[in-house]
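# Coordinate inspection notes
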Amino acid sequence: MNEEPVFRVEGLRKSFGRIQVLGGVDLSLRAGSVTALMGANGAGKSTLVRIVSGVYARDAGHISLAGQIFSPSSPAEAIRAGVVTVHQNINDGVVADLDVATNLTLDRLNGRSAPWFFNPRRVRREAKAVADRMGLSLDLGVGISGLSLADRQMVAIARAMAHEPKVLILDEPTSSLSSAEAERLFQLVDRLRARGVAILYISHRMSDIRRLADSIVSLRDGRITGTFTGPDLDYEGAVNAMLGKAISHDGIAVRDGGATVLGAEELMLSPSARPFDFVLREGEVVAVTGLVGVGKTALAETLFGARQPFAGRMSLDGRRYQPRTPQEAIAEGVFLVAKDRADNGIVPDFNIYENISLPFLKRLARVGGVSSRGSERGEAKRQISALGIVCRSERDEMHTLSGGNQQKVMVARWLSQPCRLLVLDEPFQGVDIAARRDIAEKLRASAQGRATVVFLTELDEAFEIADRILVMSEQTLAGEHLNAGIDVSKLLAEIAGQHEMVN
Amino acid sequence: MTDHDTPIAAAQPAKIVPPQAMGANIRELAIRYGFLLLLAVMLVYFSIATSGFASPQSAVFILQSVSITGILALGVTATMVVGGFDLSIGSVATTAMMASSYIMVILNGDALTAIAVCLLIGIVIGLVNGFLVVYMRVPDLLATLGMMFLLVGLQRIPTEGRSIATGMSLPDGSTATGSFSPAFLALGRHKFDFLLPNLVPVSVVVLIVLAILIWFFLEYTRFGRMMYAVGSNERAAELAGAPVNAYKMFAYVISGVFASIGGILLAARLGRGDIASGNNLLLDAVAAALIGFAVLGVAKPNAFGTAVGALFVGVLLQGLTMMNAPYYTQDFVKGAVLVIALVFTFALSERGKR
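This is a predicted model, so every value here is computed, not measured. (Residues numbered from 1 in each chain as written. Chains lettered and ligands numbered in written order. Predicted model: local features only at pLDDT ≥ 70, side-chain atom pairs only at ≥ 80, totals over all residues.)

Attention now goes to the overall build of chain A. Check the secondary structure of chain A and you find 19 helices and 20 strands. The C-alpha atoms of chain A give 25 Å as radius of gyration, which agrees with the globular expectation for 503 residues (23 Å, within 12%). Counting only C-alpha atoms and orienting by the principal axes, one finds that chain A spans roughly 70 × 50 × 45 Å. For chain A, with 503 residues in total, the buried portion stands at 49%. Expressed as a percentage of contacts within chain A between residues at least 6 apart in sequence, the contacts between residues at least 24 apart total 69%. (Helix = DSSP H or I, 4+ residues; strand = E, 2+ residues; numbered from the N terminus. Rg over C-alpha atoms; globule rule 2.2 N^0.38 Å. Buried ≥ 20, exposed ≤ 12 C-beta atoms within 10 Å, placed from the backbone. Contact = placed C-beta atoms within 7 Å.)

This part takes up the overall build of chain B. From N to C terminus, chain B includes 14 helices and two strands. For 354 residues, the compact-globule estimate of 2.2 N^0.38 gives 20 Å, and the C-alpha radius of gyration of chain B, at 23 Å, lies within 12% of that figure. A burial count over chain B gives 46% of its 354 residues as buried. When contacts within chain B are restricted to residue pairs at least 6 apart in sequence, long-range pairs at least 24 apart make up 74% of them.

On to helix α18 (residues 488–495) of chain A. For α18(A), the full list of buried residues reads L491(A), L492(A), A493(A), E494(A) and I495(A). Looking one or two places after α18(A), you find G497(A), whose phi comes out positive at around 90 degrees.

All names here are of chain A. Inspection of the secondary structure puts A150 in helix α5 (residues 149–161). In this structure the C-alpha to C-alpha distance between A150 and L177, which are 27 residues apart in sequence, comes to 6.2 Å. Leave out the neighbours within four places in its chain, and A150 touches L177, E181, R184 and L185.

Okay, the pairing of strand β19 (residues 468–473) of chain A next. All names here are of chain A. Of all six residues making up β19, six are buried, and the element is well covered by its neighbours. Side chains R468, L470 and M472 of β19 all project onto a buried face; the interleaved residues I469, V471 and S473 project onto the opposite face, where all are buried too. Note: strand β13 (residues 285–289) against β19, four bridges, orientation parallel. Its bridge partner being in β19, V286 is matched across the sheet by R468. When β19 meets strand β20 (residues 476–482), the two strands line up antiparallel, connected through six bridges. Bridge assignment links I469 to a residue of β20, and that residue is H481. Counted along the chain from β19 to the antiparallel partner β20, the turn is two residues long, and its residue E474 has a positive phi close to 50 degrees. (Pairing = 2+ DSSP bridges.)

Residue and element names in this part refer to chain B. As for its position among the elements, I121 is in helix α4 (residues 111–134). Placed 26 residues apart in sequence, I121 and T95 show a C-alpha to C-alpha distance of 8.5 Å. Sequence-distant contacts of I121, defined by excluding residues within four places in its chain, comprise T95, A96, A99 and S260.

Residues and elements named next belong to chain A. In this model, E172 sits at a positive phi of 45 degrees, which is unusual for a non-glycine residue. Mapping E172 onto the fold places it in the loop between β7 (167–171) and α6 (179–194). In this structure E172 comes out as buried when scored by C-beta crowding, with 21 C-beta atoms within 10 Å. Even without glycine at this site, D221 takes up a positive phi of about 50 degrees.

With that settled, the discussion passes to the sheet that holds strand β18 (residues 451–456) of chain A. Residue and element names in this part refer to chain A. In space, the six strands of this open sheet follow the order β16-β17-β18-β13-β19-β20, with mixed pairing throughout. Edge positions in the sheet fall to β16 (334–337) and β20, since each has one partner strand and no second. Geometrically, the sheet is characterised by an average inter-axis angle of 20 degrees between neighbouring strands, direction not taken into account. On top of the sheet, helix α9 (residues 296–303) reaches β13, β16, β17 (421–425), β18 and β19; it is set at about 150 degrees to β17, its chief contact. (Axes fitted to C-alpha atoms, helices over the stretch in contact; angles between N-to-C directions.)

At S67(B), helix α2 (residues 56–81) of chain B shows its maximal kink, close to 50 degrees. Two residues or fewer past α2(B), G83(B) is found with a positive phi of approximately 85 degrees. (Bend = angle between axes of the 7 residues up to and from the residue.)

All names here are of chain A. Here we have six strands laid out as an open sheet, ordered β6-β7-β8-β3-β9-β10, and mixed in their pairing. Here the strands that pair on one side only, and so sit at the sheet edges, are β6 (83–86) and β10 (223–228). Strand after strand, the sheet turns through a mean of 20 degrees between neighbouring axes, direction not considered.

All names here are of chain A. Along its sequence, chain A is carved into domain 1 (7–243), domain 2 (260–333 + 420–502) and domain 3 (352–418). Averaged C-alpha coordinates put domain 1 and domain 2 at centres separated by 33 Å. The partner domain 2 presents eleven residues to the twelve residues of domain 1 that form the contact. Of all elements in the fold, only α7 (206–212) and α8 (235–243) reach the threshold of two or more residues within the side of domain 1 that touches domain 2. Here the element with the most residues in the side of domain 1 that touches domain 2 is α8; it accounts for five residues. (Domains from an automatic or database assignment.)

Helices that pack against each other are described as a pair by the angle of their axes relative to one another and the distance between those axes. Residues and elements named next belong to chain B. Closest axis-to-axis distance for the α2/helix α10 (residues 244–270) pair is 7 Å, and the angle between their directions is 175 degrees. Compared by their axis directions, α2 and α10 come out roughly antiparallel. In contact with S67, I68, I71, L72, L74, G75, V76, A78, T79 and V81 of α2, α10 contributes A251, Y252, I254, S255, F258, A259, I261, G262, L265 and L266. Taken together, the residues of the contact of α2 with α10 sort by class into 15 nonpolar, five polar and no charged. (Parallel < 35°, antiparallel > 145°, perpendicular 65-115°, else oblique. Nonpolar A, V, L, I, M, F, W, Y, C, P; charged D, E, K, R; others polar.)

So, about the packing of helix α7 (residues 202–220) of chain B against helix α8 (residues 222–232) of chain B. Residue and element names in this part refer to chain B. Contact geometry of α7 with α8 gives a least axis separation of 5 Å together with a crossing angle of 70 degrees. Viewed along their axes, α7 and α8 adopt a mutual orientation that is roughly perpendicular. Judged by residue contacts, F217, L218, E219 and Y220 of α7 engage F223, G224 and M227 from α8.

Bringing the nonpolar core into the picture now. One recurring pattern in soluble globular proteins is that nonpolar side chains are buried together. Counting residues in each nonpolar core, the largest one holds 257 residues, and the members touching the most others are A158(A), L421(A), V423(A), L72(B) and A229(B). The dominant element in this core, judged by the number of residues it contributes, is α10(B), at 16 residues. Not counting residues up to four positions away in its chain, the partners in contact with V423(A) are A300(A), L303(A), F304(A), V334(A), F335(A), L336(A) and V453(A). (Core = buried A, V, L, I, M, F, W, Y, C linked by C-beta atoms within 7 Å.)

Turning next to the confidence of the model for chain B. Residues and elements named next belong to chain B. For chain B, per-residue confidence averages 88 on the pLDDT scale, and 91% of positions sit at 70 or higher. Within chain B, the element-level pLDDT minimum falls on helix α14 (residues 350–353), averaging 46, and the maximum on α4, averaging 97. In the predicted structure, residues 1–17 sits below a pLDDT of 50 and forms 35 contacts with residues beyond four places in sequence or in another chain. This complex was scored by the predictor with a pTM of 0.78 and an ipTM of 0.84. (pLDDT = per-residue confidence, 0-100.)

To continue, consider the confidence of the model for chain A. Residue and element names in this part refer to chain A. Scored by pLDDT, chain A has a mean of 86; 95% of the residues are at 70 or more. For chain A, the element scoring lowest by mean pLDDT is helix α19 (residues 499–502), at 44; β16 scores highest, at 97. For the stretch residues 499–503, pLDDT sits under 50, and the model shows five contacts to residues farther than four places along the chain or on other chains.

Moving on, we get to the environment of E441(A). When you line up the elements, E441(A) lands in helix α16 (residues 433–445). The sequence separation of E441(A) and A329(A) amounts to 112 residues, and the corresponding C-alpha distance is 25 Å.

Next up, the structure:
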């Protein structure tokens, strides 16, 4: 197991236009070993995977596979050379309308040597050989659409393994699996490891990494910031390296909150999660942090009525609060700046002021629902100057704005009317530093008269904006800190999911 | 993850107009007003080239020729606004025509009953279409295609496939005792005095009133704006508190009711329930609505564009007819206009590029 690395990446660089995504990445994978790659959103994980799997061309650097130079010009070439990637989106790896047997042998239907005529018996025979080798016990005749996500994942991996790869890359394979399904995947990874495959396992989930990793590599801002090997892996150090050690927090005058605005008791986000309590107070900004997939968005949507909690009670200003739809939440004064603005926020056919006024058309309209564009534009103009949105006028189309300014419009939408609780889910996603500062300042400056809760994966951002920081791990709250004299190592331990050991 | 945390993304849009922007401005103007300009040019050309084109009678004739398809097109525009489609409008119209004829001729009903039943049919079909699309998750094209088929068959069952006319013989051998009430027929034949006596037919007035109503509704009420939001980004509209499903259902009801109004006018004009008529209604209406995308270059469904689109086709056909173009070239002309309009919408406008 401790022989020379079978796969080696040296000084890999990649830029898109003027944006450098990978700034010299070194990485080596050993046969029969699982290397976990950790990195926050935007760290460059997906770009790395796409270069190695032949989707993107690299700008600089060397890759070698078993001593030979490896430079694939297409995904097919990478597979032929022995580097196989199973991508994050499970349904991209299988064809839902075909059965398992055809899916397992799909690659053999293409290429020059492939037969012209489709012989079901031959396909079944080949598929059975593939399935047997992988220890896959599925009915080969069943359609993919009738399978669970985990089984589809197994089929995708089995198909990838039919090429007898030397290197297997799994890109966040458990992101849509339950824990029981994930365990089956882990057993498969164990078997592959025992057969001498070098595996690169990309994940945010600490539980996956603890279960599988022989070594951990942390990626941050396009560079490897930590490599951890040995029998006792330093998980906390890996998280630390992934999130950035140079965590600076200054310039925040931490405030105490006033009266309780929102209280949650015995809240459970899923049947298997531990129930938790918390309160959000008037005038304070609370950050909820944690790795991707620990239930931050689920909690944000629960507060906003876009999702129902599995169990538990919430109260707003002392009254019972159980919104069934966003409409009800808005009526009660709870607003959400949703994450992924392109999917959940922006109406692309609308200009700036129409996007800002969208939730409040009823309040702004005249008698009989006739809309009052004058007052909509007036409000938009106020928000444009308050947040410093760079645009020619409030009638500009959204697609003419930069990412940061689009996000400012999304924040402006929900700041344009007073509320009791403002929820922001990853408001700094795809936002440049200057816009991030403007938004953070505006949020803190306007925080009086409401409670504000911001869901953030990046710890730096939480330090920058919050009075109080809550930590989420595995669908529940794992810790709470005042953002002053914070015990960073304890915080990181909670993020890494070691609270149970601490308690 | 390509553009996260990049200061470059905040670059300000250029304030100084670069030289090539002149060309871009001209192109923008062409996209914006190209279709209206083309319409004006056509009007001028036909007025000069033919005698009698530039007259109130001719204008009214054009309006009348497009009134029923125009009304249907305005309805289908509403479903397009919420990101849907309604292929059943043509058969809803013919179903309404057959139903009104059946009520008056065979059941001896009066005009008011016939109209009320037709409107009810439109509402019910709209609700069923909406239910299929929203709650049964059938894709809009398929759901309304199914409804179209169903209605084409359904409207023939009561009369065993026969057209309905006053004094027709019934399947049991007797003769129908009822007849079209004069009040109902007036919807198709009465003409209001406007500038000249007996000039403007009822269907044209209905078209104009409905066009103004739906235009005002879509552009100037919060409900219309929300419908556009639903069509542009459904999830964003939902997270802005819009009852998305209700808006979608409502759009299909509008479409159903408009189509049934079209059917009532068709029955009144023909004075019989003709199973062979109304074949072209669907295609003509959809074409008008799609041509409407290109008018003003907004590249989205809009009531004004739909009305102009219907008018455009009407003017072109009337002009060509007066220049002795044979009738069988009409569909070709309509198709060509539609294809050009679609190219305008999707290839030339800014929206198409995204």
